[in-house]
Amino acid sequence: MQVTRSTFDDVMVPNYNPAKMVPVRGEGSRVWDQEGNEYIDFAGGIAVNALGHCHPELVKVLQEQGNKLWHLSNVFTNEPALRLAKKLCDSTFADKVYFANSGAEVNEAALKLARRFALEHYGESKDQIISFEKGFHGRTFFTVTVGGQPAYSEGFGPKPGGIDHCEFNNLEKLAQMMSERTCAVMMEPLQGEGGIIVPDPEFVKGVRELCNKHNALLILDEVQSGVGRTGYLFAYMGVDVTPDILTAAKSLGGGFPIGAMLTTDIVAKSLKPGTHGSTYGGNPLACAVAERVLDIINQPEILTGVLKKEALYREALQKINDKYHVFSEIRGKGMLLGCALNEKYAGRARDFMVAANEQNLMCLIAGMNVIRFAPSLVIPDEDIIEGLARFEKAVASVVAA
Ligand SMILES: *Cc1c(COP(=O)(O)O)cnc(C)c1O
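These remarks concern the structure in this document. Bear in mind the structure is a predicted one, so any value in this text is a computation, not a measurement. (Residues numbered from 1 in each chain as written. Predicted model: local features only at pLDDT ≥ 70, side-chain atom pairs only at ≥ 80, totals over all residues. Heavy atoms only, no water.)

A look at unusual backbone geometry
- The phi dihedral of Asn169 falls on the positive side, at around 75°, and the residue is not glycine.
- Inspection of the secondary structure puts Asn169 in the loop between β6 (163-166) and α8 (171-177).
- Even without a glycine there, the phi angle at Val227 is positive, about 60°.
- Structurally, Val227 is set in the loop between β8 (217-221) and α10 (235-239).
- In this structure Val227 comes out as buried when scored by relative accessible area, which is 1%. (Helix = DSSP H or I, 4+ residues; strand = E, 2+ residues; numbered from the N terminus. Buried < 20%, exposed > 50% of the residue type's maximum accessible area, 1.4 Å probe, protein only.)

Right, dumping it as structure tokens:
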């Protein structure tokens, strides 16, 4: 059957507006479309393909597990899930792990757990969840309401209650909002969708202290920042602030859908049998792949490599900006970088992304004003250099238009 981009408009719900070309194959940080055109991938499936496309080790483990056991449900446990959970606990603050299939699902679990914990330990009135403006936590109704973009949560009828939003990076405001009623504070240690916004480390430390003061749980959403993305296994390790609950997804599966919620023994106790669950969560196929992803990424050479690659990006992006004067700031950490457009190009991030596509480069945006790069953590330096040469041509074409 012949399918093309126009088939999308015929048969798909119109909630997305995908690029004109249809990718059919990928290898490392290169992708090919239906016409055989080759692209360099700086998008990484939105910070998911942490080891590029079709990494031989991941293909191997997927094939091995595919010949062994695909799915059981949580009526039974399985070896890949147990090994992955053990490795996540051994390499982080966590004592306990819960698996689901996506970022939104593990955030949903984290929020439900925080509410249960507060109810059991402090009573019904401790139900306030505080999160931050421009934050993003997924698209279920609870997570999208906790997210800080009202445009995403409005138009679906009555929203879940007990949720308040604070300005990001404003500790004074947060201190005013918090009280004994606060059940949890949920935040991204580096805001991704909101525009690649790195908070002040003192702010993150301050949030932790306020949570301690008010017996509130700190939930760090590391769905985008986690699993090596910032050059640390998790971003919290770079700011030296330990959460009570952490969520991971995206890079964790390297392209296979999985999410993990990590927490401490004491907090985990509130998810008693029957309180929450998932049919697919902890699926052996997903866990076998994620275990290999974690084994590969959680090595000092890979993590320091991320920081070296960041330096390569920053240097070249700075040069592009010296020549074309389009960015007000180049920001982010590791392989999660944002180029914020200056006033002259305000609101035109999409034009740059489309221009990049025309130069055979895949990249992302984060809001209307930021061009975002979230490539593979092991993208070869040659691909970075070639990709940025293509990006320069894209910038030149937007500037000339
Ligand atoms: C992508 C993202 C999510 C949602 O993950 P899904 O897998 O799309 O449900 C949640 N939080 C953050 C920080 C994200 O970047």
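There's more to say after this.
Digging into the packing of aromatic side chains
- Evaluated as defined, the whole model comprises 13 aromatic pairs.
- Seen in terms of ring centroids, Phe42 and Tyr313 are 5.1 Å apart; in terms of plane orientation they differ by 65°. Their pairing is edge-to-face. Taken together, the residues span a long stretch of sequence, with Phe42 in the loop between β3 (38-41) and α2 (44-47) and Tyr313 in helix α13 (residues 300-324) at a distance of 271 residues. The two residues Phe42 and Tyr313 agree in class, both being buried.
- By the ring-pair criterion, three or more aromatic residues cluster together here, those being Phe42, Tyr313, Phe327, Phe373 and Phe391.
- The ring centre of Tyr122 lies 5.0 Å from the NZ or CZ of Lys126, which sits over that ring.
- Arg139 extends its terminal NZ or CZ atom over the ring of Tyr152, reaching a point 4.1 Å from the ring centre. (Phe/Tyr/Trp six-rings, centres within 6.5 Å; stacked < 30°, edge-to-face > 60°. Lys NZ or Arg CZ within 6 Å of the ring centre and 35° of its normal.)

As for the site of the ligand
- Near the ligand you find Ser102, Gly103, Ala104, Asn107, Phe136, His137, Gly138, Glu188, Asp221, Val223, Gln224 and Lys250, and these make up its full shell.
- The separation between a nitrogen atom of the ligand and a polar main-chain atom of Phe136 is 3.3 Å.
- Interatomic distance of 2.7 Å between a side-chain N/O atom of Asp221 and a nitrogen atom of the ligand.
- Out of a free accessible area of 380 Å², the ligand has 82% covered by protein chains.
- In terms of residue count, the dominant contributor to the shell around the ligand is helix α5 (residues 103-122) (three residues).
- Here the residues of the shell around the ligand sort into three nonpolar, six polar and three charged. (Near = heavy atom within 4 Å. Polar contact = N/O pair within 3.5 Å; in protein donor to acceptor, adjacent residues only side chain to side chain. Areas by Shrake-Rupley, 256 points an atom, 1.4 Å probe, with all protein chains shown as cover. Nonpolar A, V, L, I, M, F, W, Y, C, P; charged D, E, K, R; others polar.)

Considering the sheet that holds strand β4 (residues 96-100)
- Read from one edge of the open sheet, seven strands run β4-β10-β9-β8-β7-β5-β6, paired in mixed fashion. Both outer strands of the open sheet, β4 and β6, are each paired with one neighbouring strand and no more. Across the sheet, the axes of successive neighbouring strands diverge by a mean angle of 20°, strand direction being ignored.
- The pairing of strand β5 (residues 128-132) with strand β7 (residues 182-187) spans three bridges and is parallel. Within β7, the position partnered with Ile129 by the bridge is Ala184.
- Packed onto the sheet, helix α4 (residues 79-90) meets β4 and β10 (259-263) and runs at close to 130° relative to β4. (Pairing = 2+ DSSP bridges. Axes fitted to C-alpha atoms, helices over the stretch in contact; angles between N-to-C directions. Contact = heavy atoms within 4.5 Å.)

Focus: the environment of Gly334
- Along the chain, Gly334 turns up in the loop between β11 (327-333) and β12 (336-341).
- Residues Gly334 and Ala248 lie 86 residues apart in sequence; the distance between their C-alpha atoms is 17 Å.
- Those residues in contact with Gly334, other than ones at most four positions away along the chain, are Arg229, Thr230, Val306 and Glu310.

Quick word on the sheet that holds β3
- The four strands lie next to each other as β1-β2-β3-β13, forming an open sheet whose pairing is mixed. The open sheet has two edge strands, β1 (23-27) and β13 (361-362), and neither has a second partner.
- Summarising the sheet, β1 and strand β2 (residues 30-33) pair through four bridges and their orientation is antiparallel. Opposite Arg25, over in β2, you have Trp32 as the bridge partner.
- Along the sheet, helix α15 (residues 381-400) makes contact with β2, β3 and β13, crossing β3 at roughly 105°.

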